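A structural walkthrough
For reference, the chains in residue letters:
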Amino acid sequence: MCVGVPMTVVTSDNGTALCERRGEQRRVSTLLIGEVAVGDRVLVFIDNAMRLLEPDEARLIDDALDGLAAAMQGRDFEHLFADLIDREPQLPAFLRNDVVPPHG
């Protein structure tokens, strides 16, 4: 399974950026999202920055990835999904029956 991971831009130049996540650095393409600044958080998938992330969203993704790793190792993981506890899951709008698709 391939999963995008949040990374922080360390340097940026000419369509690429050196990004870091937990001590690992990787040169990634930024051609899909354009210019990035040092300190920006980006979602990286197969060495391509797919989009910019807000800090809170990057933290939620990191927590979810940590939660999956903890669950696979038989450790407690529920605290890493705090944003999902105490709320009913919601389908995206395009999957809900109450949304009328556009005609065209």
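Residues numbered from 1 in each chain as written. Predicted model: local features only at pLDDT ≥ 70, side-chain atom pairs only at ≥ 80, totals over all residues. Heavy atoms only, no water.

**Side note on the pattern of salt bridges**
In the structure shown here, the tally under the stated rule is seven salt bridges. Across the pair Arg41 and Asp62 runs a salt bridge, and its minimum N-O distance is 3.4 Å. Here Asp62 lies in helix α1 (residues 55–72) and Arg41 lies in strand β4 (residues 41–45), a separation of 21 residues in the sequence. The exposure class of Arg41 is partly exposed, given its relative accessible area of 21%. Put simply, Arg51 and Glu57 hold a salt bridge, and the shortest N to O gap is 2.5 Å. With a relative accessible area of 28%, Glu57 lands in the partly exposed category. (Salt bridge = Lys/Arg side-chain N within 4 Å of Asp/Glu carboxyl O. Helix = DSSP H or I, 4+ residues; strand = E, 2+ residues; numbered from the N terminus. Buried < 20%, exposed > 50% of the residue type's maximum accessible area, 1.4 Å probe, protein only.)

**Some details on the side chain of Ser29**
Take Ser29: it is sitting in strand β3 (residues 24–29). Residues in contact with Ser29, not counting those within four places in the same chain, are Gly15, Thr16, Asp47, Asn48 and Ala49. (Contact = heavy atoms within 4.5 Å.)

**Quick look at the environment of Asn48**
The residue Asn48 is located in strand β5 (residues 48–53) in this model. Separated by 15 residues in the primary sequence, Asn48 and Ile33 place their C-alpha atoms 9.2 Å from one another. A distance of 2.9 Å separates a polar side-chain atom of Asn48 from the backbone oxygen of Ile46. (Polar contact = N/O pair within 3.5 Å; in protein donor to acceptor, adjacent residues only side chain to side chain.)

**Topic: the domain arrangement of the chain**
For the chain, the assigned domains are domain 1 (1–53) and domain 2 (54–85). At the interface, eleven residues of domain 1 touch eight residues of domain 2. Together, the buried faces of domain 1 and domain 2 total about 740 Å²; carbon and sulfur atoms form 53% of this surface. Broken down residue by residue, the surface that domain 1 buries against domain 2 is led by Arg22, Arg41 and Leu53, which jointly contribute 54%. (Domains from an automatic or database assignment. Buried area = accessible area lost by both parts, 1.4 Å probe.)

**Examining the packing of aromatic side chains**
Taken as a whole and assessed by the stated rule, the structure comprises one aromatic pair. Ring geometry for Phe77 against Phe81: centres 6.3 Å apart, planes inclined by 85 degrees, an arrangement best described as edge-to-face. Overall, the relative accessible area of 30% leaves Phe77 in the partly exposed class. (Phe/Tyr/Trp six-rings, centres within 6.5 Å; stacked < 30°, edge-to-face > 60°.)

**Digging into the environment of Val36**
With respect to the element layout, Val36 can be found in the loop between β3 and β4. Along the primary structure Val36 and Phe81 are separated by 45 residues, whereas in three dimensions their C-alpha atoms are 29 Å apart. Not counting chain neighbours up to four residues away, the residues in contact with Val36 comprise Val9, Ser12, Ala17, Thr30, Val42 and Leu52.

**Focus on unusual backbone geometry**
Backbone geometry places Arg22, a non-glycine residue, at a positive phi of 50 degrees. Of note, Arg22 is situated in the loop between β2 (16–21) and β3. Phi angles above zero are rare outside glycine, and Ile46 is one such case at about 50 degrees.

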